[in-house]
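The chain contents come next:
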Amino acid sequence: MPKVGMEPIRKAALVKATIVELGRAGSLDVTVSQIAKRAGMSSALAHHYFGSKEEMFLAAMRHVLTLYGAEVRGALAVASTPEGRLRAVLLANFSAGNFRREVIGAWLNFYVLAQTVPEASRLLRVYQGRLRSNLLVGLRPLAGAKAEELADGLGALIDGVYLREALKLGTPDGKLAAAMAFNYLKPQIKGFDS
């Protein structure tokens, strides 16, 4: 007989284990058995809760995106100027919670998964659309007609920084990554100061 109330706890443990294993492996070459072992349960139980490895990967990315979205919304809630909004979005992308080894590994694998899995592709489009929209709210008053071009450039820069970081060893440096984004903007926006 299943223990009442254990499902959300076990699912959360499997999601966290999936993120850690993706970060450790650096690829989608992770087994349900590895994930389940890290979560302290059997692979049969992991399959019971998610049905497939693909569903575990998707649940892990939904979790990452949920935490990311909450951090962006929290940062935007205290930003009172267009420049403040822009800084808030960029700093949230490279915060300690979002720009850590296992989350970076999960993002790298998410991009690969989005090439073949429609639900992953949809989640990626939603994320990219929200990022662009959040950047544009800060950029339009500061950059006018160049806002869309700059938003696309910042989106590409963020993706590129994550990709490069996934290929490096050591602890990710979110402050350095944010500084790269600010330095990209300085010559583009008159009066922008990091």
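Residue positions are given per chain, counting from 1 as you read along its sequence in written order. Restriction of local features to residues with pLDDT of at least 70 applies here, the model being predicted, together with a cutoff of 80 or more for giving and counting side-chain atom pairs; totals for whole chains, interfaces and linings are based on all residues. Hydrogens and waters are ignored; side-chain quantities use all the structure's heavy atoms.

Participant: Please clarify how the overall build of the protein chain should be interpreted in this entry.
Facilitator: Helix and strand definitions follow DSSP, with helices as H or I runs of at least four residues and strands as E runs of at least two, each counted in order from the N terminus. Of regular secondary structure, the protein chain possesses nine helices and zero strands. For the protein chain, the sequential pattern of α-helices and β-strands runs α-α-α-α-α-α-α-α-α. Projected onto the principal axes, the alpha-carbon positions of the protein chain cover approximately 65 × 35 × 30 Å. Out of the 194 residues in the protein chain, the part that is buried amounts to 43%. By definition, residues are in contact when any of their heavy atoms lie within 4.5 Å. Partitioning the intrachain contacts of the protein chain with sequence separation of at least 6 by distance along the chain shows that 65% fall at a separation of at least 24. Residues scored as charged are limited to Lys and Arg (positive) and Asp and Glu (negative), so that His and the chain ends carry no count. All charge positions are set by atom: Lys at NZ, Arg at CZ, Asp at CG, Glu at CD. Between the averaged position of the 25 positive side-chain charges in the protein chain and that of its 16 negative side-chain charges there is a distance of 4 Å. Only protein chains enter the accessibility calculation, which uses a 1.4 Å probe; a residue is then buried when its area is under 20% of its type maximum, exposed when over 50%, and partly exposed in between.

Participant: Would you mind showing me how to read the packing of helix α8 (residues 147-166) against helix α9 (residues 174-185) here?
Facilitator: Geometry of a packed helix pair, given as the angle between the helix axes and the separation of the axes. For helices, the fitted line uses only the C-alpha atoms of the stretch in contact; every axis is such a line through C-alpha atoms, and the angle between N-to-C directions lies from 0 to 180 degrees. Remark: α8 packs on α9, axes separated minimally by 11 Å, with the N-to-C direction vectors making an angle of 155°. In terms of orientation, α8 lies roughly antiparallel with respect to α9. Relative to α9, α8 is oriented so that their crossing is right-handed. Where α8 abuts α9, its residues E149, L150, G153, L154, L157 and V161 lie against A177, M180, A181, Y184 and L185. For the contact of α8 with α9, the residue count by class is nine nonpolar, one polar and one charged. Any angle from 65 to 115 degrees is called roughly perpendicular, while one under 35 is roughly parallel, one over 145 is roughly antiparallel, and all others are oblique. It is the rotation of the near helix from the far one that decides the hand of a crossing: anticlockwise by less than a right angle makes it left-handed, clockwise makes it right-handed. Residues are grouped as follows: Ala, Val, Leu, Ile, Met, Phe, Trp, Tyr, Cys and Pro are nonpolar; Asp, Glu, Lys and Arg are charged; all remaining types, including Gly, are polar.

Participant: Looking at this structure, how should I read the side chain of N98?
Facilitator: For N98, the position within the fold is in the loop between α5 (82-93) and α6 (101-114). N98 has contacts with L67, Y68, E71, A92, N93, V103 and Y162, leaving out every residue within four places of it along the chain.

Participant: I'm lost on the nonpolar core in this one. Help?
Facilitator: If you look at soluble globular proteins, the nonpolar side chains tend to sit buried side by side. For our purposes a nonpolar core is just a set of buried Ala, Val, Leu, Ile, Met, Phe, Trp, Tyr and Cys residues, chained together by side-chain atoms within 4.5 Å. With 65 residues, the main nonpolar core has L86, L90, F94, W107, L135 and L139 as its most contacted residues. When residues in this core are grouped by element, the largest group, eleven residues, is from helix α4 (residues 53-77). Other than its neighbours up to four places away in sequence, F94 contacts F99, I158, V161, Y162, G174, A177, A178 and A181.

Participant: Looking at this structure, I do not really get the environment of V15. What am I missing?
Facilitator: Here V15 shows up in helix α1 (residues 6-25). When the C-alpha atoms of V15 and L123 are compared, they prove to be 16 Å apart, with 108 residues separating the residues in sequence. If we ignore the near neighbours within four places in the chain, the residues touching V15 are F50, A59, A60 and H63.

Participant: Can you help me understand the packing of aromatic side chains in this one?
Facilitator: Given two aromatic rings, one states the distance between the centres and the angle between the planes to describe the pair. Only Phe, Tyr and Trp rings are paired, with Trp represented by its six-membered ring, and only when their centres lie within 6.5 Å; those with planes under 30 degrees apart are stacked, over 60 edge-to-face, the remainder tilted. Going through the model one piece at a time under the given rule, you end up with eight aromatic pairs. Aromatic side chains Y68 and Y127 sit 5.6 Å apart centroid to centroid with 65° between the ring planes, which places their arrangement in the edge-to-face category. With a gap of 59 residues between them, Y68 in helix α4 and Y127 in helix α7 (residues 118-143) connect regions that are remote in the sequence. Residue Y127 is classed as buried on the basis of its relative accessible area, which comes to 6%.

Participant: Honestly, α1 in this entry has me stumped. Any pointers?
Facilitator: Side chains that are three or four residues apart share a direction in an α-helix, a result of its 3.6 residues per turn. Taking 1.5 Å of rise per residue, 20 residues should cover 28 Å, and α1 covers 28 Å from first to last C-alpha, within 8% of that figure. Every buried residue belonging to α1 is among R10, L14, V15, A17, T18, I19, E21, L22 and G23, and all of these are buried. Packed against the buried residues of α1 are α2 (32-39), α3 (43-50), α4 and α6. Working rule for helices: expected span equals 1.5 Å times residues minus one.

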